[in-house]
Amino acid sequence: MAHSPRKGSPARWAAVILPPLCLGGLMAWTAGMFSPAAISPSHFMQRFHNAGAPDTGFRRAHAKGMCATGWFDPSPEGRVLSRSGVFKGEHLPVMGRFSLAPPMPYLPDNPAVARSLALQIRSATGDDWRMALVDVPLQPMRDIADAYAFFGAARLDPTTHKTDPAASQAYAAQRPWLKTAFEQVKAHKQSSDLTNDTYNSLDSFILTNDAGKQVAVRWSVVAKEDFSPAEGSGTNDGNYLFKRLVQTLDQKPLSWDIVATVAREGDPVNDPSQPWNEADQKVTVGTVTFTKAYSEDESPCGPMVFDPTILPDGISVSGDPLLALRSSIYMRSYATRSAEHKTPSMVTPGDVANPPLTSDEKGQ
Ligand code: HEM
């Protein structure tokens, strides 16, 4: 039987005083009062600006991009892992956006930059699954402080318009916990094209099935096209990656499998900078097929926010602190860019309607 503290006892006083103290503490913490240098979304916007994001209506990161539409076909295996309506078996519409990761919207395509893919899969009953994935294997940051320092180190010198290599070296040197992530990012072999690249969520998510069983997963969106390595420094055409994507889609649909890597005991679920066990189970939960490309200037995907915390029932966020950060920053980026006058994207509607590429443009 539970005993209540005696009237006037210290335990009784603690029971009265502690709840408001804890609530006050929580409020102060959420307001940033306990962090020595409170970091807000505005601070991140400034860092993206310093790293080359102009104030002309583009995303503050992954600024150069192009949209595509198509379909998602779930597999029966997906349904075993998650009760989400997106896995119930229907053929569902997909909106996608391919992009280059840096914040500069007019960056010429080249093999050295990371690439990304964002997806929105919707069901007729209101399920909305958004994903934003990159083609690097691990995330070289584990929390908000790392993220803020990482984008600080990406600052461009106002005169040379180049990053300071010493700043990124210092970022890595001060964070020994990111050693493996940097090694794997460096060892990553870039593919020749956007069409044969594999894109990773890095952050992890929790799947809940009909029986209430939960597993943590990381997503990979794996190209069905054969891998071929990127060569040299690209072509003279600053849009060659996007033009080759358009040209391929003019000829045939392009498909990617959505693969869940299922965490086992001991995998660092809440830290996207650390690898998981190589032998983890991999489950293909469905296939995305794109059939048509658009310039983001003429597609609803242009203004869209691919916030990775917008999830249907049956898929939820893990405890990874980067997910909450990303949600707040993506929304701030959206609010900022929506209020600006947008200049045309580098991949224009004219590029998407272009005739087939010449062999020089194909890099042959
Ligand atoms: C696992 C780590 C991350 C991945 C896989 C990732 C991936 C992506 C992708 C693919 C996009 C482009 C979405 C689109 O096409 O609209 C994007 C946008 C963006 N990302 Fe991330 N990102 C990550 C972490 C972060 C972090 C830590 C920050 C900053 C704190 C950040 C800031 C942004 C911003 C500002 C945008 C533009 C949002 C908008 O205006 O719609 N990302 N991210």
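None of the values given here were measured: they were computed from a predicted structure.

Every one of the 28 residues lining the ligand counts as a neighbour, but Arg 59, Arg 97, Tyr 330, Ser 333 and Arg 337 are closest to it. Here an oxygen atom of the ligand sits 2.5 Å away from a polar atom, N or O, in the side chain of Ser 333. In this structure, Arg 337 approaches the ligand through a side-chain N or O atom, which is 2.7 Å from an oxygen atom. A total of seven residues in the shell around the ligand trace back to one element, the largest contributor, which is helix α8 (residues 321-338). Of the residues that constitute the shell around the ligand, the class distribution is 16 nonpolar, six polar and six charged.

Before going further, it helps to examine the side chain of Glu 340. The residue Glu 340 is located in the loop between α8 and α9 (349-352) in this model. For Glu 340, a relative accessible area of 19% translates into the label buried. Excluding anything up to four places from it in sequence, Glu 340 contacts Asp 55, Thr 56, Gly 57, Phe 58 and Arg 60.

Protein coordination of the iron atom of the ligand rests on one atom only, Tyr 330 (OH), at 2.0 Å. Relative to the elements of secondary structure, Tyr 330 occurs in helix α8.

In this section: unusual backbone geometry. Here the phi dihedral of His 62 falls at roughly 55°; this positive angle occurs in a residue that is not glycine. Residue placement: His 62 occurs in the loop between α2 (41-50) and β1 (65-74).

Let's shift gears to the pairing of strand β5 (residues 199-208). Along β5, ten of the ten residues are buried, which leaves the element largely enclosed by surrounding structure. In sequence, β5 turns back onto strand β6 (residues 214-223) through a hairpin of five residues, with Gly 212 there showing a positive phi of about 85°. Sheet analysis places β5 next to strand β9 (residues 315-317), joined by three bridges and oriented antiparallel. Paired with Phe 205 across the strands is Val 317, a residue of β9.

Attention shifts here to the packing of α2 against helix α4 (residues 144-152). For any two helices packed against each other, the geometry is given by the interaxial angle and the distance between the axes. Look at α2 against α4: their axes get within 8 Å of each other, and the N-to-C directions meet at 30°. Considered as vectors, α2 and α4 are oriented roughly parallel to each other. Facing α2, whose interface residues are His 43, Phe 44, Arg 47 and Phe 48, α4 presents Ile 144, Ala 147, Tyr 148, Ala 149, Phe 151 and Gly 152. Along the lines of polarity and charge, the residues of the contact of α2 with α4 split into seven nonpolar, two polar and one charged.

Moving on: the nonpolar core. Note on soluble globular proteins: their nonpolar side chains tend to be buried together. Judged by nonpolar contacts, the single largest core of 47 residues is most densely connected at Phe 98, Leu 119, Trp 129, Trp 219, Ile 258 and Phe 290. With six residues, the top contributor of residues to this core is helix α7 (residues 240-251). Counting residues in each nonpolar core, the second largest holds 13 residues, with Met 45, Ala 147, Tyr 171 and Ile 329 among its members.

Calculation rules
- Residues numbered from 1 in each chain as written.
- Predicted model: local features only at pLDDT ≥ 70, side-chain atom pairs only at ≥ 80, totals over all residues.
- Heavy atoms only, no water.
- Near = heavy atom within 4 Å.
- Polar contact = N/O pair within 3.5 Å; in protein donor to acceptor, adjacent residues only side chain to side chain.
- Helix = DSSP H or I, 4+ residues; strand = E, 2+ residues; numbered from the N terminus.
- Nonpolar A, V, L, I, M, F, W, Y, C, P; charged D, E, K, R; others polar.
- Buried < 20%, exposed > 50% of the residue type's maximum accessible area, 1.4 Å probe, protein only.
- Contact = heavy atoms within 4.5 Å.
- Donors = N, O, S within 2.8 Å, 3.2 Å for Na, K, Ca; no water.
- Pairing = 2+ DSSP bridges.
- Axes fitted to C-alpha atoms, helices over the stretch in contact; angles between N-to-C directions.
- Parallel < 35°, antiparallel > 145°, perpendicular 65-115°, else oblique.
- Core = buried A, V, L, I, M, F, W, Y, C linked by side-chain atoms within 4.5 Å.

That's the geometry; what it means functionally is another story.
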